[in-house]
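What follows is each chain in one-letter form.
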Amino acid sequence: CYPEKHPEAMSIDSDLAFMKMKQDMGAKMFISQLFFDNADFYRFVERADKAEIHVPIVAGIMPITSAKQIGSTVTLAGSSVPKKLADICAKYGDFPEDMRKAGIEYAIDQIRDLRKCGMGHIHLYCMNKPKMTEIICKSI
């Protein structure tokens, strides 16, 4: 499911209607596409609830560990980039190790906030980076 709408969907409402159809056809849960602003995810969960989508929605988090990654990721997923993350990329983009650390910390902060707000399950898009995944899991 797409917290900010599938890039090819006509509208958020049509996207939610498709999601509801999936639920009605037997889907037992949804894993969200990545997002970088938890407020977008919280609004999405509220809209899904109003659309009578009641199966679990798992938050999909993808750490941004390089500045160039943000361009391809946003294009692929249709996710917006909040100012805080854009500032991190601008500040650390030319410093790969600092960018990696800042991106991981951003993802950790996102996950902590999601858990604090009652989201019990998180899907981590780890992109075959086991060390990054280990750091995040130990931190949360």
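Provided above is the structure to which this section pertains.
Rules used throughout
Residues numbered from 1 in each chain as written. Predicted model: local features only at pLDDT ≥ 70, side-chain atom pairs only at ≥ 80, totals over all residues. Heavy atoms only, no water. Helix = DSSP H or I, 4+ residues; strand = E, 2+ residues; numbered from the N terminus. Expected span 1.5 Å × (residues − 1). Buried < 20%, exposed > 50% of the residue type's maximum accessible area, 1.4 Å probe, protein only. Arc of directions from axis to C-beta. Pairing = 2+ DSSP bridges. Axes fitted to C-alpha atoms, helices over the stretch in contact; angles between N-to-C directions. Contact = heavy atoms within 4.5 Å. Parallel < 35°, antiparallel > 145°, perpendicular 65-115°, else oblique. Left-handed = near helix turned anticlockwise from the far one by under 90°. Salt bridge = Lys/Arg side-chain N within 4 Å of Asp/Glu carboxyl O. Right-handed = clockwise from strand over helix to strand, strands pointing away.

For the rest of this paragraph, the subject is helix 1 (residues 12–24). End to end, helix 1 covers 18 Å across 13 residues, agreeing with the expected 18 Å (1.5 Å per residue, within 8%). Taken as a whole, helix 1 has its buried residues at Asp15, Leu16, Met19 and Gln23. Seen from one end, helix 1 has its buried residues packed into an arc of 95°, which puts them on one side. Seen from the open side of helix 1, the exposed residues pointing more than 90 degrees away from its buried face are Asp13 and Asp24.

Here we take up the sheet that holds strand 3 (residues 122–124). Strands belonging to one sheet form pairs held by backbone hydrogen bonds; the direction of such a pair is parallel or antiparallel. Spatial strand order, 1-2-3: 3 strands in an open sheet with parallel pairing. The sheet terminates laterally at strand 1 (30–34) and strand 3, the two strands that pair on one side only. Across the sheet, the mean angle separating the axes of adjacent strands is 30° when strand polarity is ignored. When strand 1 meets strand 2 (residues 57–61), the two strands line up parallel, connected through 3 bridges. When the bridges of strand 2 are listed, Phe30 appears paired with Ile57. Sheet contacts for helix 2 (residues 38–50): strand 1 and strand 2; angle to strand 2, the most-contacted strand, approximately 160°.

Angle between the axes and distance between the axes are the two parameters that describe a pair of packed helices. Orientation of helix 1 relative to helix 2, taken along the N-to-C sense of each, is 60°, at an axis distance of 10 Å. Classified by the angle their axes make, helix 1 and helix 2 are oblique. You can see that helix 1 and helix 2 cross each other, and the crossing is right-handed. Here helix 1 contributes Ile12, Leu16 and Met19 to the contact with helix 2, which in turn contributes Phe44, Arg47 and Ala48.

Turning our eyes to something else, we now look at the pattern of salt bridges. In the structure shown here, the tally under the stated rule is 7 salt bridges. Of the charged contacts in the structure, one is a salt bridge between Arg100 and Glu97, with a shortest N-O distance of 2.8 Å. Linking Arg100 with Glu97, this pair stays in helix 5 (residues 96–116), spanning 3 residues, or about one helical turn. Residue Arg100 is classed as partly exposed on the basis of its relative accessible area, which comes to 27%. Note on Glu97: relative accessible area 39%, which makes it partly exposed. Residue Glu134 pairs with Lys138 through a salt bridge whose shortest N-O separation is 2.9 Å. Taken as a pair, Glu134 and Lys138 lie in helix 6 (residues 130–139) at a separation of 4 residues, close to a single helical turn. One network of salt bridges, in which partners are shared, links Lys131, Glu134 and Lys138.

Buried within helix 4 (residues 83–92) are the following residues: Leu85, Ile88 and Cys89. All buried residues of helix 4 fall inside an arc of 95° around its axis, so they share one side. When the buried face of helix 4 is taken as reference, the exposed residues oriented beyond 90 degrees from it are Lys83, Lys84, Ala90 and Lys91.

Here we take up the pairing of strand 1. With respect to burial, strand 1 is a largely interior element, 4 of its 5 residues being buried. Read as a crossover between parallel neighbours, the route from strand 1 over helix 2 to strand 2 is right-handed.

So, on to the environment of Phe41. Position of Phe41 relative to the elements: it lies in helix 2. Look at Phe41 and you get buried, because its relative accessible area is 0%. Each C-alpha atom of the pair Phe41 and Met127 lies 21 Å from the other, and the pair is 86 residues apart in sequence. Every residue in contact with Phe41, bar those within four places of it in the chain, is listed here: Pro3, Ser32, Phe35, Ile57, Val58, Ala59, Leu114 and Met119.

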